Structures are given as structure tokens and as C-alpha cells.
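# Structural features, examined
The residues making up each chain are set out below.
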Amino acid sequence: MEGDILWGVDLERDQRLERRSLSRLLSAVGLTMLIFLLAALSTGLPVNLLRWYWESHGIPITDALAQLVNMASYTYSLLLPLLFFVLFQGPRRVGRPLFPLGRPAPGVFFPALGFCLGICSFSNYLSSYVALLIREALHQPVPTYRAAIPESGLPMVLGILSAAVLPAVLEELLFRGAILQAARPFGDGFAILLSALAFTLCHTTVPQLIPALLAGLMFGFFTVLSGSLWVTVLIHCCYNLLAVAVELAGTTGGPEAQRAMALAIAAGSFLLWAGGTYLLCRRFLLVGRRMTGVYQGTLSGPERLARVFCNPPMLIATATLCWTTWEPVVGETLKRWS
């Protein structure tokens, strides 16, 4: 909440102040998502200008240089909304650090790693099946995200950093850092749902939606559980590295090698999921004691959730990002029907 509010003195006053704080938070999240979209769409202009400048001056564009430009453009697209959110909804207003980078609670990382990798691997197969159903129903190809990674040398190292490490760090700082921590005064469950929603909407291809939603929920839960961003940064990085391994297998060995790598990762992820689930179940009581963010405010759960979808910046951001995601899929179909 804002400042040092003494809850329980005046119920009407408490509700008015809390609604105002929640509206400000939701406006910040909605505007942050819009800035993310604008930044992502605008990265093509400086990249093209750089390419034009290098080509006009005879500077060779090597694979390593191309990967560095990709890293810079991706950093810009996430750093800009992150800085905006911190300025708009800073730690003084929230009353807690926005980036908990301390030592994680013991006994959380390995169960969380196994559980998350298993669920994420399953969600990838589920998402591929859903994309196949959509393609057959609409007779329209479903755009997918593929990271272009060189096969060897420094360009490959930079490509892996750009596709796996950099997104894990920046996305966790924005979604499980700034947004999740700013929303925790309204309840940990609400904060996890809000950060997962924002994380999902900012993945703007249809096959990414299911994995992003499940990953957002799990990463949010384990961030709260561990008390540190390091757990989900490392898990997110491991998940991205597995996806990169599948892509590299296809690039270097062809479709058969890619299929074999995907099956091997799926089998290993299932074993990790089984082990992680077992360890989490064994520590269930310990997990319950660590989830200490009990909501102490005056608004009911349905009212807090309803305000998410009644906030104008959130509505505009949700509609814009949904259109950006689905227009390539349904656009041609709507044109044929019209």
C-alpha cells in the first residue's frame, strides 16, 4: 500500500485508500506492457539504421556483430518498461525491495527446478498440439518463435547468451521482480496471478501462451517460496538452454537429430518432475510455513480480480497484446469470411 497506512481504523477509508493503491499498481502494469510492446516494435528501426550505416561505410556485418545487435535490441525492449515501472511504482511506494536478490531459502531450488522443467516440457507438447488444431481448423499457419543461433564459435556463444541467459535475467527482473513484488501487499496469490498474466500477454505468439502462463505461475510461486529471484532466474535459464539445445540439434544434425534431442529432454524432464514433485510433497508443511504473505487488506478476492479487468490501461494493454498475438493467426481467416 502507499506509505504507512494503519488498516482497521476506518473501514471506508481503508477501502478507499486500497482501491486507489490497487488502481495505481494496475495502471503501472498496463502502461508497462504497452511500453514493452512499443519498445519491441520499435527495435527494428535502429537495427535497420545500423545495418544501413555499416553497409554504406563498407563495415562487414559478421555473425558476432549481428548477435550483439540482437542482444542490445532485446535489452532495450525489456529495460525500458522495467525502468518505467520502477519510476512509476518504486520501492518507497511499495514498502519492500522490488528485486529480492538475497540468498534463497534452503531446500527450494532443486525441487523447484525438477517440477518446473517437467511442467514446462509438458506444456510445450500441449502447446504444439493446440497449434496443430488451430492450423487444421483455420487452414492458416501459426507463427512460432525460433531463435536463430549460429553453429559454432563466438557467434554461437553470443547467440546462446541472447536466446537463453539474457531473457532469463531481464524477464525475471521485470515480472517476478518489479511487478510481483509491487503486487504482494495485495496478497501473494493475487501477485502471482497478476505477474503471470503480464508475463503471458508479453509473449506474442500463440504457441508461447500456454508455456508462458504455466511458467509464470510456477516462477511466481517459487519466487515467493524462496524469497529470492535467483531461483527462478536459474530455472528460467535452464529451461531456455534446453530449448536452445533442441534448436542447435536441428541446425547441426537435421530433423532426426532435433527429434531425438527433444525426446531425450522430454524423458529427462519427466524424471526431474517426478523427483521435484516428490521432494515438494515431502516438504509440504515447510512450504506452507514459508508462504507468509497473508493478505491483510479490506478488498475481497473477487473485487481485486475484477479491478484488473476494469482498469483502463490494463484493458488497453490486454486488448492490444491479444490482437498482436492473434491477428497473424485469424487475420487471413477474417478476410476470407468477409
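Residues numbered from 1 in each chain as written. Predicted model: local features only at pLDDT ≥ 70, side-chain atom pairs only at ≥ 80, totals over all residues. Heavy atoms only, no water.

## Some points on the overall build of the chain
A tally of helices and strands in the chain yields 12 helices and zero strands. Its helices and strands taken in sequence order, the chain reads α-α-α-α-α-α-α-α-α-α-α-α from the N to the C terminus. The 338 residues of the chain split such that 45% are buried. A sequence separation of at least 24 residues applies to 81% of the contacts in the chain between residues at least 6 apart. Put simply, the chain shows about 17,200 Å² of open surface, and 69% of that area lies on carbon and sulfur atoms. For the chain, the separation between the mean place of its 23 positive charges and that of its 18 negative charges on side chains is 7 Å. (Helix = DSSP H or I, 4+ residues; strand = E, 2+ residues; numbered from the N terminus. Buried < 20%, exposed > 50% of the residue type's maximum accessible area, 1.4 Å probe, protein only. Contact = heavy atoms within 4.5 Å. Areas by Shrake-Rupley, 256 points an atom, 1.4 Å probe, with all protein chains shown as cover. Lys, Arg positive; Asp, Glu negative; His and termini not counted. Charge placed at Lys NZ, Arg CZ, Asp CG, Glu CD.)

## Digging into the environment of Phe186
Position of Phe186 among the secondary structure elements: in the loop between α6 (153–183) and α7 (188–201). With 118 residues separating them along the chain, Phe186 and Arg304 place their C-alpha atoms 8.2 Å apart.

## Here we look at the state of the cysteines
If you walk through the whole model with that rule in mind, you get zero disulfides. Left unpaired, Cys202 is separated from the closest cysteine sulfur, that of Cys322, by 11 Å. Residue classification places Cys202 among the buried residues on the basis of a relative accessible area of 9%. (Disulfide = S-S within 2.5 Å.)

## Notes on the packing of helix α5 (residues 109–138) against helix α8 (residues 206–226)
Running from amino to carboxyl end, α5 crosses α8 at an angle of 160 degrees, the nearest separation of the two axes being 7 Å. One element, α5, and the other, α8, form an angle in the roughly antiparallel class. Judged by the twist between their axes, the crossing of α5 over α8 is right-handed. Contact residues: α5 offers Ala112, Phe115, Cys116, Ile119, Cys120, Ser123, Asn124, Leu126, Ser127, Val130, Ala131 and Ile134, while α8 offers Val206, Pro207, Gln208, Ile210, Pro211, Leu214, Ala215, Met218, Phe219 and Phe222. (Axes fitted to C-alpha atoms, helices over the stretch in contact; angles between N-to-C directions. Parallel < 35°, antiparallel > 145°, perpendicular 65-115°, else oblique. Left-handed = near helix turned anticlockwise from the far one by under 90°.)

## What about α8?
Counted at 1.5 Å a residue, the expected span for α8 with its 21 residues is 30 Å, and the 31 Å between its end C-alpha atoms agrees. A large share of α8 lies buried, amounting to 15 of its 21 residues. One or two steps after α8, the chain reaches Gly227, where phi turns positive at roughly 75 degrees. (Expected span 1.5 Å × (residues − 1).)

## Notes on the pattern of salt bridges
Two side chains with opposite charge may pair up if their charged atoms get near one another. This model, assessed by the stated rule, comprises six salt bridges. The closest approach of N and O atoms between Arg176 and Glu172, which form a salt bridge, is 2.7 Å. Here Arg176 pairs with Glu172, and both are found in helix α6, just four residues apart, close to one helical turn. Neither Arg176 nor Glu172 differs from the other in exposure class; each is buried. Linking Arg307 and Glu303 is a salt bridge whose minimum nitrogen-to-oxygen distance equals 3.6 Å. Placement of the pair is Arg307 and Glu303 together in helix α11 (residues 301–308), with a separation of four residues, close to one helical turn. Since its relative accessible area comes to 27%, Arg307 is described here as partly exposed. What you see here is one network of salt bridges that share partners, running through Arg19, Glu303 and Arg307. (Salt bridge = Lys/Arg side-chain N within 4 Å of Asp/Glu carboxyl O.)

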